[in-house]
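Now for the letters of each chain:
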Amino acid sequence: MSYITTAETLFHLIPLLDKKFIRPVAQHFKPQLTQIQFHVLTIARENKATMTELANEILLSKQQMTPIIDKLVTEGLVQREYDAIDRRIIRISITSAGLQLCEQAKVQTITVLRNKLECLSENDLISLDKVISEFSRIAHKLP
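Residues numbered from 1 in each chain as written. Predicted model: local features only at pLDDT ≥ 70, side-chain atom pairs only at ≥ 80, totals over all residues. Heavy atoms only, no water.

Caption draft 1: Quick peek at the pattern of salt bridges. As enumerated under the stated definition, the model contains eight salt bridges in all. A salt bridge links Lys48 to Glu81; its shortest N-O distance comes to 2.8 Å. Highlighted residues: Lys48 in the loop between α2 (35–46) and β1 (49–50) and Glu81 in strand β2 (residues 78–82), separated in sequence by 33 residues. For Lys48, a relative accessible area of 47% corresponds to the partly exposed category. A residue is classified by how much of its surface remains accessible, and Glu81, at 23% relative accessible area, is partly exposed. (Salt bridge = Lys/Arg side-chain N within 4 Å of Asp/Glu carboxyl O. Helix = DSSP H or I, 4+ residues; strand = E, 2+ residues; numbered from the N terminus. Buried < 20%, exposed > 50% of the residue type's maximum accessible area, 1.4 Å probe, protein only.)

This is the structure:
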């Protein structure tokens, strides 16, 4: 199999995944958080990150990150921690309220996705689970 064929298949799969799974989940959370705000929470959940690290991960400038972080701080979902040695370094960490929101979002997301999958037969579910598991395993190898 060629790299080009696989790349083309992925090219066509990405918008389909967006349409069938990502957008329905995102619309469910629209009143609470934007996709970017939720992405910041998931990054902060993994470990404390500087504004620069967050901006690089999300592909935004630091200036664009500031209002996003301000909103999350105002909501009590993250907090700024200033480095003891270099006060210019600000780490963003998730709060207990942020962790709780992430857990609620996980439960709600699983519910939305489960509802989307209800129309599939048992055989389709088994096939999809195998494909997703294998895709995930391989995707984790990518840089």
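Caption draft 2: Seen up close, the side chain of Thr50. Counting through the fold element by element, Thr50 comes out in strand β1. Residue Thr50 is classed as buried on the basis of its relative accessible area of 13%. With residues near it in sequence (within four places) discarded, Thr50 still touches Ile89, Ile90 and Arg91. (Contact = heavy atoms within 4.5 Å.)

Caption draft 3: Region of interest: a nonpolar patch on the surface. Together, Leu10, Ile14 and Phe135 make up a nonpolar patch on the protein surface, roughly 280 Å² of accessible area in all. Inspection of the secondary structure puts Leu10 in helix α1 (residues 3–29). (Patch = residues over 30% accessible without salt bridge, like charges linked within 9 Å, V, L, I, M, F, W, Y side chains within 5 Å. Areas by Shrake-Rupley, 256 points an atom, 1.4 Å probe, with all protein chains shown as cover.)

Caption draft 4: Just helix α5 (residues 96–117), in detail. Given a rise of 1.5 Å per residue, 22 residues ought to cover 32 Å, and the 32 Å separating the end C-alpha atoms of α5 matches this to within 8%. Here α5 has its buried residues at Gly98, Leu101, Cys102, Ala105, Thr109 and Val112. Looking straight down α5, one finds that the buried residues subtend no more than 100 degrees of arc, so they occupy a single side. The outward face of α5, more than 90 degrees from its buried face, is lined by the exposed residues Ser96 and Val107. Buried residues belonging to α5 abut α1, α2 and β3 (90–94). (Expected span 1.5 Å × (residues − 1). Arc of directions from axis to C-beta.)

Caption draft 5: Layout of the packing of α2 against helix α4 (residues 62–74). Remark: α2 packs on α4, axes separated minimally by 10 Å, with the N-to-C direction vectors making an angle of 75 degrees. Judged on the interaxial angle alone, α4 and α2 are roughly perpendicular. In this structure, α2 contributes Ile36, Gln37 and Val40 to the contact, and α4 contributes Met65, Ile68, Ile69, Lys71 and Leu72. (Axes fitted to C-alpha atoms, helices over the stretch in contact; angles between N-to-C directions. Parallel < 35°, antiparallel > 145°, perpendicular 65-115°, else oblique.)

Caption draft 6: View of the nonpolar core. Counting residues in hydrophobic clusters, the biggest one holds 20 residues, and the most contacted among them are Val40, Leu41, Leu54, Met65, Ile69 and Leu72. The contact partners of Met65, leaving out residues within four places of it in the chain, are Val40, Met51, Leu54, Ala55, Ile58 and Leu60. (Core = buried A, V, L, I, M, F, W, Y, C linked by side-chain atoms within 4.5 Å.)

Caption draft 7: Structural detail: the sheet that holds β3. The three strands are arranged β1-β3-β2 in an open sheet whose pairing can be described as antiparallel. Two strands lie at the open edges of the sheet, namely β1 and β2, each paired on one side alone. Sheet topology places β2 next to β3; five bridges connect them, and they run antiparallel. Note that in β3 the partner of Tyr82 across the bridge is Ile90. Across the sheet, α2 touches β1, β2 and β3, and the angle it forms with β3 is around 95 degrees. (Pairing = 2+ DSSP bridges.)

Note that all results are geometric; they support no functional claim without further evidence.
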